[in-house]
Amino acid sequence: VDTMSGMTTIAISAPAVHAEVRPAFTTDLLLNGPQSRAYEALGPKKAVVLPWGRAVGLDWLIRQMWYVHIAQHGAARPFRIAHIVRSRVDFDADHAEAIEQEIAGQWASLGAKIDHASWVIRFPGGSFVKVMPPESRFANGLRVDMITCSDLDRIEPAAFDTIARPLMSHPESWRTLLVGGREHENGTGLLRREMSDPAATVIRANYRDVPEMIGADDLAMIKEQTSPEVFRREWECEIDLTAPAA
């Protein structure tokens with residue numbers, strides 16, 4: 001691990017998935033401070049909750065954790081991930097291009113293919129990332145090792161509890177939860193609830209924690225053009241767990 005200017009380089013080693021399916025390979029992943037702490041906190045039966053403001057890199061980190069876990073753990077058996085979203089259409093518009101570039105670039109050795117019709121990223125050996133709203137009917141019978149979500153407060157708690165969480169009910173599931181975002185529901189949403197779980201690892205971060213990620217001039221312009229309320233929510237990611245729900 002080499003640390004410079006607040007960034008950490010993590011060496012990722014991926015074993016082969018049978019010689020004819022996927023060769024072994026290595027790659028480096030450059031993470032900022034909060035991203036590095038989140039990476040270190042992940043593991044079987046771990047819940048990692050990331051209330052992060054803009055500029056910290058939550059969406060990017062979650063995608064990298066898909067690739068890392070499938071690279072490292074998808075050789076012994078398929079590693080299965082469900083990414084929970086409010087809308088697959090919005091997800092496609094916001095993230096499809098970035099995912100295409102990632103799986104054709106740094107992570108090309110994983111051999112991933114995207115099925116845009118059902119929004120599943122499939123990997124040789126049977127691993128997958130399935131992008132899904134929590135209320136999806138096709139969730140019946142699906143079992144996964146990890147659930148991720150980068151905008152947790154946009155998800156209905158009842159759907160998350162009755163549909164999403166049971167996806168990790170298989171005895172061999174890793175039961176790993178990697179979720180985060182910013183608070184939108186005035187203290188009554190999933191993000192605050194998951195942050196309050198004593199078993200969860202909660203890593204708070206905003207732009208102040210990652211000065212290498214955004215310039216002072218850019219930040220000043222954003223602050224000037226953004227209402228104080230939106231800036232506090234989106235950039236400061238203010239969440240007071242001692243305050244009563246609205």
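Located above this text is the structure these notes cover.
What comes next is a walk through the structure. (Residues numbered from 1 in each chain as written. Predicted model: local features only at pLDDT ≥ 70, side-chain atom pairs only at ≥ 80, totals over all residues. Heavy atoms only, no water.)

## Digging into the pairing of strand 9 (residues 146–149)
Residue alternation in strand 9 divides its side chains into two sets, M146 and T148 and I147 and C149, and both sets are buried. As paired elements, strand 5 (residues 80–84) and strand 9 share 3 bridges and run parallel to each other. Paired with I81 across the strands is M146, a residue of strand 9. Pairing between strand 9 and strand 10 (residues 176–181): 4 bridges, direction parallel. Within strand 10, the position partnered with M146 by the bridge is T176. Taken together, strand 9, helix 5 (residues 157–164) and strand 10 form a β-α-β motif whose crossover is right-handed. (Buried < 20%, exposed > 50% of the residue type's maximum accessible area, 1.4 Å probe, protein only. Helix = DSSP H or I, 4+ residues; strand = E, 2+ residues; numbered from the N terminus. Pairing = 2+ DSSP bridges. Right-handed = clockwise from strand over helix to strand, strands pointing away.)

## Focus: the sheet that holds strand 8 (residues 128–132)
Spatially, 8 strands are ordered 6-7-8-5-9-10-4-11 in an open sheet, and the strand pairing comes out mixed. Two strands lie at the open edges of the sheet, namely strand 6 (113–115) and strand 11 (201–202), each paired on one side alone.

## Re the nonpolar core
Within the largest apolar cluster, 45 residues are counted, with the highest numbers of intra-cluster contacts made by L50, W52, W66, I99, W107 and I121. The set of elements that each furnish at least two residues to this core consists of strand 2 (7–14), strand 3 (25–32), helix 2 (33–41), strand 4 (47–51), helix 3 (58–73), helix 4 (88–104) and strand 8. In this view, I99 contacts R63, W66, Y67, F91, I114, W119 and I121; residues no more than four positions away in its chain are not counted. One finds V120, A164, L167 and L191 within the second-largest nonpolar core, a separate group that totals 25 residues. (Core = buried A, V, L, I, M, F, W, Y, C linked by side-chain atoms within 4.5 Å. Contact = heavy atoms within 4.5 Å.)

## Observations regarding unusual backbone geometry
The backbone phi angle of A55 is positive, close to 90°, even though this residue is not glycine. Among the residues examined, A55 registers a relative accessible area of 25% and is labelled partly exposed. For R175, which is not glycine, the phi dihedral falls at a positive 55°. Looking at the element boundaries, R175 is found in the loop between helix 5 and strand 10. Residue classification places R175 among the partly exposed positions, given a relative accessible area of 31%.

## Here we look at the pattern of salt bridges
Inspection of every chain in the model, using the stated rule, returns 13 salt bridges. Note that R54 and E234 form a salt bridge whose closest N and O atoms lie 3.0 Å from each other. A residue pair is termed long-range when its members are at least 10 positions apart, and R54 in the loop between strand 4 and helix 3 and E234 in helix 8 (residues 228–236) qualify at 180 residues. We classify R54 as partly exposed; its relative accessible area is 39%. Between R193 and E194 there is a salt bridge; the shortest N-O distance is 2.9 Å. With relative accessibility at 35%, the residue R193 sits in the partly exposed group. Salt bridges here are not isolated pairs; linked through shared partners, they connect R54, R182, R233 and E234. (Salt bridge = Lys/Arg side-chain N within 4 Å of Asp/Glu carboxyl O.)

## Some thoughts on the packing of helix 2 against helix 3
Running from amino to carboxyl end, helix 2 crosses helix 3 at an angle of 35°, the nearest separation of the two axes being 11 Å. In this structure, helix 2 meets helix 3 at a crossing whose hand is right-handed. Every residue of helix 3 that contacts helix 2 at Q35, A38 and Y39 is listed here: W60, L61, M65, V68 and Q72. Across the contact of helix 2 with helix 3, the residue classes break down as 6 nonpolar, 2 polar and no charged. (Axes fitted to C-alpha atoms, helices over the stretch in contact; angles between N-to-C directions. Left-handed = near helix turned anticlockwise from the far one by under 90°. Nonpolar A, V, L, I, M, F, W, Y, C, P; charged D, E, K, R; others polar.)

## Observations regarding the pairing of strand 4
In terms of burial, strand 4 is largely enclosed, as 5 of its 5 residues are buried. Burial along strand 4 is two-sided: the face carrying A47, V49 and P51 and the face carrying V48 and L50 are both buried. Taken together, the 5 bridges between strand 4 and strand 10 define a ladder with parallel strand orientation. For P51, the partnering residue across the bridge sits in strand 10 and is G181. One ladder, built from 2 bridges, connects strand 4 with strand 11; its direction is parallel.

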